[in-house]
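Observations on the model geometry
These are the residues of each chain, in order.
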Amino acid sequence: MEERIRRYQHNITTIRESGCAVPTTALVDSLDPAEIELWFADSAFRIDRINMAIKGLAQLPDDDAANGEPR
C-alpha cells in the first residue's frame with residue numbers, strides 16, 4: 001500500500017506542477033497518505049457495489065452464464 005500511495009502522491013504532484021487542476025471527480029486532491037488510503041478504500045467499495053448491482057440486474061443462472069444467454 002505504501003508504494004501505491006507514493007505513486008499516487010507523485011501523480012498528484014505531477015498534475016499540479018503541470019499547471020492542470022486535479023480532476024476531483026476522479027481523484028482525491030490530497031498528498032495526505034491517510035486521505036489517499038481512504039480514497040482507495042472508498043473506490044474499492046464503490047466498484048464492488050457496482051459489480052454486485054450489475055450481477056443482480058443480469059440475473060443469470062450459473063448454467064446460462066457460461067453460455068452468455070440471458071434468463
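Placed above this text is the structure.
Heads up: these notes are all about the structure in this document. (Residues numbered from 1 in each chain as written. Predicted model: local features only at pLDDT ≥ 70, side-chain atom pairs only at ≥ 80, totals over all residues. Heavy atoms only, no water.)

With 26 residues, helix 2 (residues 33–58) ought to run about 38 Å at 1.5 Å a step, and its terminal C-alpha atoms sit 37 Å apart, in line with that. Every buried residue belonging to helix 2 is among Ile-36, Phe-40 and Ser-43, and all of these are buried. Structurally, helix 2 contributes buried residues whose contacts are with helix 1 (2–17). (Helix = DSSP H or I, 4+ residues; strand = E, 2+ residues; numbered from the N terminus. Expected span 1.5 Å × (residues − 1). Buried < 20%, exposed > 50% of the residue type's maximum accessible area, 1.4 Å probe, protein only. Contact = heavy atoms within 4.5 Å.)

Right, let's get into the nonpolar core. Core analysis: the biggest nonpolar cluster contains 7 residues, these being Ile-5, Tyr-8, Ile-12, Val-22, Val-28, Ile-36 and Phe-40. By residue number, the principal contributor to this core is helix 1, which donates 3 residues. The residues contacting Ile-12, other than those within four sequence positions of it, are Val-22, Leu-27, Val-28, Asp-29, Ser-30 and Leu-31. (Core = buried A, V, L, I, M, F, W, Y, C linked by side-chain atoms within 4.5 Å.)

Opposite charge on two side chains lets them pair, provided their charged atoms get close. One pass over the full model with this rule turns up 2 salt bridges. Residue Glu-3 is joined to Arg-6 by a salt bridge in which the shortest nitrogen-to-oxygen separation is 2.7 Å. Residue Glu-3 and its partner Arg-6 are both found in helix 1; the two are separated by 3 residues, about one turn of the helix. With relative accessibility at 43%, the residue Arg-6 sits in the partly exposed group. Put simply, Asp-29 and Arg-16 hold a salt bridge, and the shortest N to O gap is 2.7 Å. Linking Asp-29 in the loop between helix 1 and helix 2 with Arg-16 in helix 1, this pair joins segments that are 13 residues apart in sequence. For Asp-29, a relative accessible area of 39% gives the class partly exposed. (Salt bridge = Lys/Arg side-chain N within 4 Å of Asp/Glu carboxyl O.)

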